[in-house]
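# Structural features, examined
So you can see what is in the structure, the chains are spelled out below.
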Amino acid sequence: MKPEHSDRDRRSPRTRSRPAEAGTVGNSAARSFPGTLLVSKAIYLGLAGATLALAAVGHPHPGRGFLVEFGVGLGFVGFVMLAFQFALTAKFRWLSRLVGLDVLLHFHRQMGFFSYGFILLHVGILISAQPEYAAYLDFRVDVPRALALWTVLLALTAILVTTIWREDLGLSYEWWRISHAALAALILFIGLVHILRVGWYIADPWKQWLWVGGTAAAVGLLVYTRLVKPLRLRSRRWRVSKVRPEPGRSWTVTLEAVDHRGLTFEAGQFIWLILGRTPPTAIQHPFSISSSAAQEDVLEVTIKELGDHTSRIGEVKPGTVAFVEGPYGNFVLDDDVKEAVFVAGGVGITPVMSILRTLRDRGLPLPTLLIYGMPSLEDATFLGELEELEEEGSPPLTLVPVFEAPPQGWTGETGRITPKLLERRLPPDHPGVGYYVCGPEPMMDLVEKHLQEQGIPLSRIHSERFNIA
Ligand SMILES: Cc1cc2nc3c(=O)[nH]c(=O)nc-3n(C[C@H](O)[C@H](O)[C@H](O)COP(=O)(O)OP(=O)(O)OC[C@H]3O[C@@H](n4cnc5c(N)ncnc54)[C@H](O)[C@@H]3O)c2cc1C
């Protein structure tokens, strides 16, 4: 690593495109990430407790035995957890800035499995405790009720199956997303009607209004995320000004703001991009911004050809209308980082590029090390510019290219990024070092594991996973 510059202004805005405003989430907030997960779990426990306490308050009837009350409780908690799922996917920017979208969606997925399990157990336990409850599912007893409850059970199962086996089922991400939201809203609606009609614990009108209000708020969040937010994007158009090929079957798309000041973001963050369509649309994809945060009215994203959408990026014509939702994510430099270590693989270089370009444009001399894994020289996106940055020394950069298939005469690192390579190349750790990892899943798993084995706390390891589905 090159020598550390001690004269760096620690209070400078670093890679933000604007100084932090009072009240915004500062970089240090990202550091509390493990704590944030604990808080999320505490919130869920609190929710479950509050739900059960609410049911018990003012309830005049005696208990019906442990199993029945337990089964009913599971149903209530499962329903509330399901409703809360809408908040996790509401794309709150502050939340994604605090914990990162991948962590948030992982948590959403886990909680989804729990609520599915609780609701199934609710049915199973009640029927096994008192077999007469099976009448709820019996078409001969009450057709609308049985139809509604079977619909919930089938819809829940459909959500579970399509989430786990989406790719095997050949379901496109867009259709999965639409059906996921529609089924979840349907389940919530039927669940509410079921709770109100059974009415055992919520006979009081105020309780009924609370359940209706809570459910309406959850569905309202869905409408806000999928309709209101996208409609608001319409007034902030962008135009594609350039599409240029990059090595590694990638394309850099340049976007210019049309009649607005552009996007304020922190280097390393990502956007949801809509190309050639007007929101609301299901066709929007997340991409890290690769350009410098010093410029707000021109954005660049660098996109690798992968599936149906990205493999047609090269056909996008200059002049195409675009819409940008964001910025999101917490793959950004913390205020107190004195040295940054990046480990990137393939197209995972994009957020790192934005950070390095921003440090350069702002003249911030943060010492940086970049271990960059690439399949071959032909796939080496941005390698030329990175070598120039290293030569110019602004920011002080040590570049470690790692080629799986090295070019002839190459004397540097070869193969994949391994723990041995990391041991050789990582600088001595100290509390001022921030680690940033972005690339293929196996590489990220390996690097994260290695860093943790070295005793580096999670709060100093930032990851951006491109596979969130
Ligand atoms: C935070 C983040 C930043 C990213 N940054 C970049 C980047 O800078 N450059 C780059 O090339 N790629 C980036 N990606 C990956 C990029 O979003 C996917 O490659 C792209 O959406 C694939 O779309 P497709 O239709 O071509 O491929 P498909 O074959 O349809 O999908 C391939 C996989 O991409 C994911 N995916 C597809 N559509 C979506 C969607 N609408 N929303 C979320 N995930 C989806 C799914 O996991 C899917 O299995 C990023 C992803 C995330 C989550």
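Whatever comes next refers back to the structure up there.
Quick look at the structure, then. (Residues numbered from 1 in each chain as written. Predicted model: local features only at pLDDT ≥ 70, side-chain atom pairs only at ≥ 80, totals over all residues. Heavy atoms only, no water.)

## A short note on the environment of Cys-438
With respect to the helices and strands, Cys-438 occurs in strand E11 (residues 433–438). Along the backbone, Cys-438 and Gly-345 are 93 residues apart, and their C-alpha atoms lie at a distance of 6.5 Å. Apart from the residues lying within four places of it in its own chain, the contact partners of Cys-438 are Phe-331, Val-343, Ala-344, Gly-345, Gly-348, Pro-351, Met-443, Met-444, Glu-464 and Phe-466. (Helix = DSSP H or I, 4+ residues; strand = E, 2+ residues; numbered from the N terminus. Contact = heavy atoms within 4.5 Å.)

## Side note on the packing of aromatic side chains
Summed over all chains, the structure comprises 14 aromatic pairs. With centroids separated by 5.3 Å and ring planes inclined at 90°, the aromatic side chains of Tyr-44 and Phe-84 adopt a geometry described as edge-to-face. One end of the pair, Tyr-44, is in helix H1 (residues 33–56); the other, Phe-84, is in helix H2 (residues 66–88), and 40 residues separate them in sequence. Taking the centre distance of 4.9 Å and the plane angle of 85° together, the rings of Phe-403 and Trp-410 count as edge-to-face. (Phe/Tyr/Trp six-rings, centres within 6.5 Å; stacked < 30°, edge-to-face > 60°.)

## Re the site of the ligand
Neighbouring the ligand are 26 residues, the closest being Gln-284, Pro-286, Lys-304, Asp-308 and Thr-310. Between Pro-286 and the ligand, the recorded distance is 2.7 Å, taken from a backbone N or O atom to an oxygen atom. Between the ligand and Thr-350, the relevant distance is 2.9 Å, taken from an oxygen atom to a side-chain nitrogen or oxygen of the residue. Look at the ligand: alone it shows 890 Å² of surface, and the protein chains cover 91% of it. Mapped by element, the contributors of at least two residues to the shell around the ligand are strand E3 (270–275), strand E4 (285–288) and strand E5 (298–304). Counting residues per element, the shell around the ligand draws most heavily on E4, which supplies four residues. Among the residues forming the shell around the ligand, the class breakdown is 11 nonpolar, nine polar and six charged. (Near = heavy atom within 4 Å. Polar contact = N/O pair within 3.5 Å; in protein donor to acceptor, adjacent residues only side chain to side chain. Areas by Shrake-Rupley, 256 points an atom, 1.4 Å probe, with all protein chains shown as cover. Nonpolar A, V, L, I, M, F, W, Y, C, P; charged D, E, K, R; others polar.)

## Considerations on helix H9 (residues 383–392)
Considered for burial, the residues of H9 that qualify are Leu-383, Leu-386 and Leu-389. One face of H9 carries all of its buried residues, which in axial projection span an arc of 120°. Seen from the open side of H9, the exposed residues pointing more than 90 degrees away from its buried face are Glu-391 and Glu-392. Note on H9: the residue one or two positions beyond its end, Gly-393, has a positive phi of about 75°. (Buried < 20%, exposed > 50% of the residue type's maximum accessible area, 1.4 Å probe, protein only. Arc of directions from axis to C-beta.)

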